[in-house]
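Here's the letter readout for the chains.
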Amino acid sequence: DTVKAHCGITRLLVNEEAPLHPRFQLREGDVVVKEQDLHPDAVTMQSLGGGETKLVSSAPGDCEVVLRHRPFELDFRAGGRLLQRLNGRHFMNFERYRSKGSAQHAGLVDATDVDDQDLWEESFGGHSDSKPRGPAAIGIDVTFEAAVTLTGLAEHATALDLGSPGFTEPYRFYNL
């Protein structure tokens, strides 16, 4: 079952309000498609009530994104079919920047509130990795609803077909 390449690119930028340090952002030329080759679609936005917002693209293919605000989720649809869901299992973890020795923050809990070991330095294989800005990981669960086969770059040696290994924990991709 294939999806025609009618729907465009959806860019999502998640950041903390007034961050202590700026987060990494891709520079021009660091992606496969050059910025000047992209042609933005006209997008309409409508509130669906109940904390949901729908964004509909003018591109052919009946492309839309539904944003659920609490808990945060994104559904990507084409032709009325759900293709991909971000944070559908609510595993999103966003480690906010903080000063060394600062108290835990009020509100949302991130993984560093559960396990505060190695926040500022990690050691592995005889090497030490200093993290002068502290913890900064971002993780989110992604579900490819209609995918028969999922292929990608692995965190460790395995087959490129990510569906066949039968992992017992979430699969991780790393941006090193």
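Residues numbered from 1 in each chain as written. Predicted model: local features only at pLDDT ≥ 70, side-chain atom pairs only at ≥ 80, totals over all residues. Heavy atoms only, no water.

Colleague: Kindly report on the pairing of strand 2 (residues 52–57), identifying the contributing residues and their values.
Modeller: Where strand 1 (residues 43–49) meets strand 2, six bridges bridge the pair, whose relative direction is antiparallel. If you follow threonine 44 over to strand 2, its bridge partner there is valine 56. With antiparallel pairing between neighbouring strands as the criterion, strand 1 and strand 2 make up a hairpin whose turn holds two residues, including glycine 50 at a positive phi of roughly 60 degrees. In terms of strand pairing, strand 2 meets strand 3 (residues 63–68) through five bridges, oriented antiparallel. Bridge pairing in strand 3 links valine 56 to glutamate 64. (Pairing = 2+ DSSP bridges. Helix = DSSP H or I, 4+ residues; strand = E, 2+ residues; numbered from the N terminus.)

Colleague: I'd like a rundown of the sheet that holds strand 5 (residues 81–86), residues and numbers included.
Modeller: Think of a sheet as strands paired side by side through backbone hydrogen bonds, with each pair either parallel or antiparallel. Taken in spatial order, the six strands of this open sheet run 1-2-3-4-5-10, and their pairing is antiparallel. With one partner strand each, in any of the chains shown, strand 1 and strand 10 (142–144) form the two edges of the open sheet. For this sheet the average axis-to-axis angle between neighbouring strands, irrespective of direction, equals 20 degrees. (Axes fitted to C-alpha atoms, helices over the stretch in contact; angles between N-to-C directions.)

Colleague: Lay out the pairing of strand 3 with the relevant residues and their values.
Modeller: Buried residues dominate strand 3, accounting for six of its six residues. Linking strand 2 to strand 3, which pair antiparallel, is a turn of five residues; within it glycine 61 sits at a positive phi near 115 degrees. Examined bridge by bridge, strand 3 and strand 4 (residues 73–78) share six bridges and lie antiparallel to one another. Bridge pairing in strand 4 links glutamate 64 to arginine 77. Here strand 3 hands over to strand 4 after four residues, the two strands then running antiparallel side by side. (Buried < 20%, exposed > 50% of the residue type's maximum accessible area, 1.4 Å probe, protein only.)

Colleague: An account of the packing of aromatic side chains is needed here, citing residue identities and associated values.
Modeller: What the rule picks out here adds up to zero aromatic pairs. Note that arginine 23 overlies the ring of tyrosine 97, its terminal NZ or CZ placed 4.4 Å from the centroid. (Phe/Tyr/Trp six-rings, centres within 6.5 Å; stacked < 30°, edge-to-face > 60°. Lys NZ or Arg CZ within 6 Å of the ring centre and 35° of its normal.)

Colleague: Quick rundown of the confidence of the model for the chain? Include the residues and the values.
Modeller: For the chain, per-residue confidence averages 78 on the pLDDT scale, and residues scoring 70 or more make up 74% of the total. Of all secondary-structure elements in the chain, the lowest mean pLDDT belongs to helix 1 (residues 111–114), at 71, while strand 3 reaches the highest, 94. (pLDDT = per-residue confidence, 0-100.)

Colleague: So, the nonpolar core: which residues are in play, and what are the values?
Modeller: Counting five residues, the largest nonpolar core is built from Val65, Leu67, Leu74, Phe76 and Leu86. Setting aside anything within four residues of it in sequence, one finds phenylalanine 76 in contact with Thr10, Glu64, Val65, Arg81, Leu82, Leu83, Gln84 and Leu86. (Core = buried A, V, L, I, M, F, W, Y, C linked by side-chain atoms within 4.5 Å. Contact = heavy atoms within 4.5 Å.)

Colleague: Describe unusual backbone geometry, with residues and values.
Modeller: Cis geometry is found at the peptide bond from arginine 70 to proline 71, where omega equals -5 degrees. The backbone of asparagine 87 shows a phi angle near 65 degrees, a positive value even though the residue is not glycine. Secondary-structure assignment places asparagine 87 in the loop between strand 5 and strand 6 (93–94). In this structure asparagine 87 comes out as buried when scored by relative accessible area, which is 4%.

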